Amino acid sequence: MYGSRRTALIDRVVRFTEGIARTGRLFARLATSQARLGLTDLYAAACTARFMAAHELIDRAENQVGDDPDADLVQVRTPLWFGSTTLHEEN
């Protein structure tokens, strides 16, 4: 009886360890597949960063203008390293 309990305990420990190993392998696969970026992924990231920078610049400009009735926000430009995009406000 004592030997069967020990065997059952060893089996539980082995199953628990296998579950942890499977989970670790899954996380390792997910982490390594995210690190592999193709050219299209890098291009999409660069385009997204460019437009996110433009939106951030617009938000900053709107915050600086605030409620000042004498100031008009007409044009916003992104930096040269993001493609030097100029955004015009149309009335």
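Keep in mind it's a predicted model, so treat the numbers as computed, not measured.

## Here we look at the overall build of the protein
Helices and strands together make up the secondary structure of the protein, namely 2 helices and 2 strands. For the protein, the α and β elements follow one another from N to C terminus as α-α-β-β. Within the protein, the proportion of its 91 residues that are buried is 7%. In the protein, the proportion of contacts linking residues at least 24 apart, taken out of those at least 6 apart, comes to 23%. When the accessible surface of the protein is totalled, it reaches about 8300 Å², and 58% of it is carbon and sulfur.

## Notes on helix α2 (residues 39-65)
The first and last C-alpha atoms of α2 sit 39 Å apart over 27 residues, in line with the 39 Å expected at 1.5 Å per residue. Among the residues of α2, those classed as buried are Ala53, Ala54 and Ala61. At the exit of α2 stands Gly66, carrying a positive phi of roughly 60°.

## A word on the environment of His55
Mapped onto the elements, His55 comes out in helix α2. His55 sits 21 residues away from Val76 along the chain, and the two C-alpha atoms are 9.7 Å apart.

## Notes on a nonpolar patch on the surface
Side chains of Leu26, Phe27 and Leu30 sit close together on the surface and give an oily, nonpolar patch of about 310 Å² of accessible area. Relative to the helices and strands, Phe27 resides in helix α1 (residues 2-35).

## Some points on the confidence of the model for the protein
When pLDDT is averaged along the protein, the result is 76, and 80% of the positions lie at 70 or above. Per-element mean pLDDT across the protein ranges from 64 in strand β2 (residues 86-88) up to 82 in α1.

The rules behind the values
Residues numbered from 1 in each chain as written. Predicted model: local features only at pLDDT ≥ 70, side-chain atom pairs only at ≥ 80, totals over all residues. Heavy atoms only, no water. Helix = DSSP H or I, 4+ residues; strand = E, 2+ residues; numbered from the N terminus. Buried < 20%, exposed > 50% of the residue type's maximum accessible area, 1.4 Å probe, protein only. Contact = heavy atoms within 4.5 Å. Areas by Shrake-Rupley, 256 points an atom, 1.4 Å probe, with all protein chains shown as cover. Expected span 1.5 Å × (residues − 1). Patch = residues over 30% accessible without salt bridge, like charges linked within 9 Å, V, L, I, M, F, W, Y side chains within 5 Å. Salt bridge = Lys/Arg side-chain N within 4 Å of Asp/Glu carboxyl O. pLDDT = per-residue confidence, 0-100.

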